[in-house]
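# Secondary and tertiary structure notes
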Amino acid sequence: MTGRLPKKLADHPSVRAVLAEPRDKPSPVIDAAWLKEICLAAGADDAAAVSLDHPDLAGEREHVERALPGTKTLVSLVVRMNRDDVRSPARSVANQEFHRTGEIINEAGHTIVRTLQDAGYRAINPSATFPMEMEHYPGRIWVVAHKTVAVAAGLGAMGLHRNVIHPKFGNFVLLATLLVDAEVSAYGEALDYNPCLECKLCVAACPIGAISKTGEFDFLACSTHNYREFMSGFTDWAQTVADSEDAADFRSRVTDSENVSMWQSLAFKPNYKAAYCMAVCPAGEDVLGPYLEDRRGFLGTIVKPLQDKVETLYVREGSAAKAYAERRFPHKPVKEVDGGYSRMNQPARRASIHADPAD
């Protein structure tokens, strides 16, 4: 090798040190058992690999290869959440659980990638929680669709509420995906059943009717309310500031509690307004027992407190969500907002939710 290098470069101490150290090329195929072991040791509760050639991942290839050219395998990670935190009507408790679990799974991804790197492989860990490719907003702002990968890898199936349900942990999980430039000796296989019980509790708990009994899902309704303090909601809030004539006019449009809540999201992390569909889901072998033992009691202790909670619901003017909220939950104040979508195109409006509790 030294004969092909310019003398000045070949004489550099760092170059001499690298050339003097024997380096074995890593195996072109990663051992699946070893990969699973390092994933669990890093903090994941479950993990499985899937080939980028999987037919269900065709839509991911372009985006994945842009992020890590040469990607051959996607590794899906699962970290479970504390269920009763997510179920609490005190949404500060639930949001703390979402964010803390997000930190854990991002840290696990970082650790696993470091181990793979040290073994001679190229790998990256895109954000597990909040999409960051904002130059594409309002289009696809995420590197890889964690839900799609998790289902293809056999770590769960999509429930009626559009959350991935792990067969053991239920939907009380967050997902991450690693991109790796090598094949794996064994890949996960899609589940041959859906853990979703079709109990429709997510339909009953959703305060703005985003989930239909027949399976339809209203993305705009969900995003307008649940993601009020995320990107689109902040855009709407900023537009309200700009449109107000003076402080008095602004205060007539936005309450002090709403302003403080938005400030808290900016100062800490964005807060979900609901995610009740996730909170009430009884699916998963670790979760199912209490529901089977006392379904009426489950409704009273888990579902009803969320239904009874007095809270502002954010809806778009003239929407089905507005009519549903006013009819189904008359004790919850309804507020019409733009939702930050007024300048978005229709394809972006129909984009699936990423991330977050539903990711």
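Residues numbered from 1 in each chain as written. Predicted model: local features only at pLDDT ≥ 70, side-chain atom pairs only at ≥ 80, totals over all residues. Heavy atoms only, no water.

- Naming follows an unreviewed UniProt entry, where the protein appears as (4Fe-4S)-binding protein of Amycolatopsis lurida NRRL 2430.

## Describing the domain arrangement of the protein
- Along its sequence, the protein is carved into domain 1 (26-184) and domain 2 (201-337).
- Relative to domain 2, the C-alpha centre of domain 1 lies at a distance of 26 Å.
- Contacts between the two partners involve 30 residues from domain 1, matched on the other side by 33 residues from domain 2.
- Among the residues domain 1 hides against domain 2, the three largest losses belong to Arg87, Arg91 and Leu160. Together they make up 22% of the total.
- Linking domain 1 with domain 2 are one salt bridge, by the criterion used here.
- Note that Lys269 is salt-bridged to Glu103, the shortest N-O span being 2.8 Å.
- Taken together, the links from domain 1 to domain 2 amount to 11 residue pairs in polar contact (both at pLDDT 80 or more). (Domains from an automatic or database assignment. Contact = heavy atoms within 4.5 Å. Buried area = accessible area lost by both parts, 1.4 Å probe. Salt bridge = Lys/Arg side-chain N within 4 Å of Asp/Glu carboxyl O. Polar contact = N/O pair within 3.5 Å; in protein donor to acceptor, adjacent residues only side chain to side chain.)

## Side note on the packing of helix H10 (residues 231-243) against helix H12 (residues 256-267)
- Taken N-terminus to C-terminus, the directions of H10 and H12 make an angle of 130°; their axes are 12 Å apart at the nearest point. If you check the angle between H10 and H12, you find them oblique. Seen along the crossing, H10 lies across H12 with a hand that is left-handed. Here Gly233, Phe234 and Trp237 of H10 come into contact with H12, specifically with Asn259, Met262 and Leu266.
- Broken down by class, the residue content of the contact of H10 with H12 amounts to four nonpolar, two polar and no charged. (Axes fitted to C-alpha atoms, helices over the stretch in contact; angles between N-to-C directions. Helix = DSSP H or I, 4+ residues; strand = E, 2+ residues; numbered from the N terminus. Parallel < 35°, antiparallel > 145°, perpendicular 65-115°, else oblique. Left-handed = near helix turned anticlockwise from the far one by under 90°. Nonpolar A, V, L, I, M, F, W, Y, C, P; charged D, E, K, R; others polar.)

## Concerning the pairing of strand E2 (residues 46-51)
- Here E2 lies mainly inside the structure; six of its six residues are buried.
- Burial along E2 is two-sided: the face carrying Asp46, Ala48 and Val50 and the face carrying Ala47, Ala49 and Ser51 are both buried.
- Pairing analysis gives six bridges linking E2 to strand E3 (residues 73-80), with the strands arranged antiparallel. From the neighbouring strand, Val50 faces E3, where its bridge partner is Leu74. (Buried < 20%, exposed > 50% of the residue type's maximum accessible area, 1.4 Å probe, protein only. Pairing = 2+ DSSP bridges.)

## So, helix H16 (residues 320-328)
- Within H16, burial applies to Ala321, Lys322, Tyr324 and Ala325. What you see down the axis of H16 is that its buried residues fit within an arc of 165°, all on one side. Opposite the buried face of H16, by more than 90 degrees, sit the exposed residues Ala320 and Arg327. (Arc of directions from axis to C-beta.)

## Focus on the sheet that holds strand E4 (residues 123-124)
- Overall, antiparallel pairing links the four strands, which are arranged E2-E3-E7-E4 in an open sheet. Only two strands of the sheet have a single partner each, and these edge strands are E2 and E4.
- Note that E4 and strand E7 (residues 173-180) share two bridges and pair antiparallel. Looking at the pairing, Ala123 lines up with Val180 of E7.
- Docked against the sheet, helix H6 (residues 91-118) engages E3, E4 and E7, running at close to 20° with respect to E7.

## Notes on the pairing of E3
- With respect to burial, E3 is a largely interior element, seven of its eight residues being buried.
- Here E3 runs beside E7; their pairing, made up of eight bridges, is antiparallel. What sits directly across from Val79, in E7, is Leu174.

## Things to note about the pattern of salt bridges
- Tallied over the entire structure, the rule returns 19 salt bridges.
- With its nearest N and O atoms 2.6 Å apart, the salt bridge here joins Asp11 to Lys7.
- Under the relative-accessibility criterion, Asp11 is labelled partly exposed at 35%.
- Classification of Lys7 as exposed rests on a relative accessible area of 63%.
- With a closest N to O distance of 3.3 Å, Arg100 and Glu103 form a salt bridge. With Arg100 and Glu103 both in helix H6 and three residues apart, the pair spans about one turn of that helix.
- Residue Arg100 is classed as partly exposed on the basis of its relative accessible area of 43%.

## Regarding the packing of helix H3 (residues 32-41) against H6
- One can describe the packing of H3 onto H6 by two numbers: an axis separation of 9 Å at closest approach and a directional angle of 140°. The angle between the axes of H3 and H6 places the two elements in the oblique class. Regarding H3 and H6, the two cross each other, and that crossing is right-handed. Of H6, the residues touching H3 (which contributes Trp34, Leu35, Ile38 and Cys39) are Ile112, Thr115 and Leu116.
- For the contact of H3 with H6, the residue count by class is six nonpolar, one polar and no charged.

## Some details on the packing of aromatic side chains
- If you walk through the whole model with that rule in mind, you get nine aromatic pairs.
- Taken together, a centroid distance of 4.9 Å and an interplanar angle of 65° make the contact between Tyr227 and Phe230 edge-to-face.
- By relative accessible area, Phe230 is classed as buried at 7%.
- Each member of the aromatic cluster is reached from another via a ring pair, and the members are Phe98, Phe130, Tyr227, Phe230 and Tyr272.
- When the ring centre of Tyr314 is taken as origin, the NZ or CZ atom of Arg228, which lies over that ring, is 4.8 Å away. (Phe/Tyr/Trp six-rings, centres within 6.5 Å; stacked < 30°, edge-to-face > 60°. Lys NZ or Arg CZ within 6 Å of the ring centre and 35° of its normal.)

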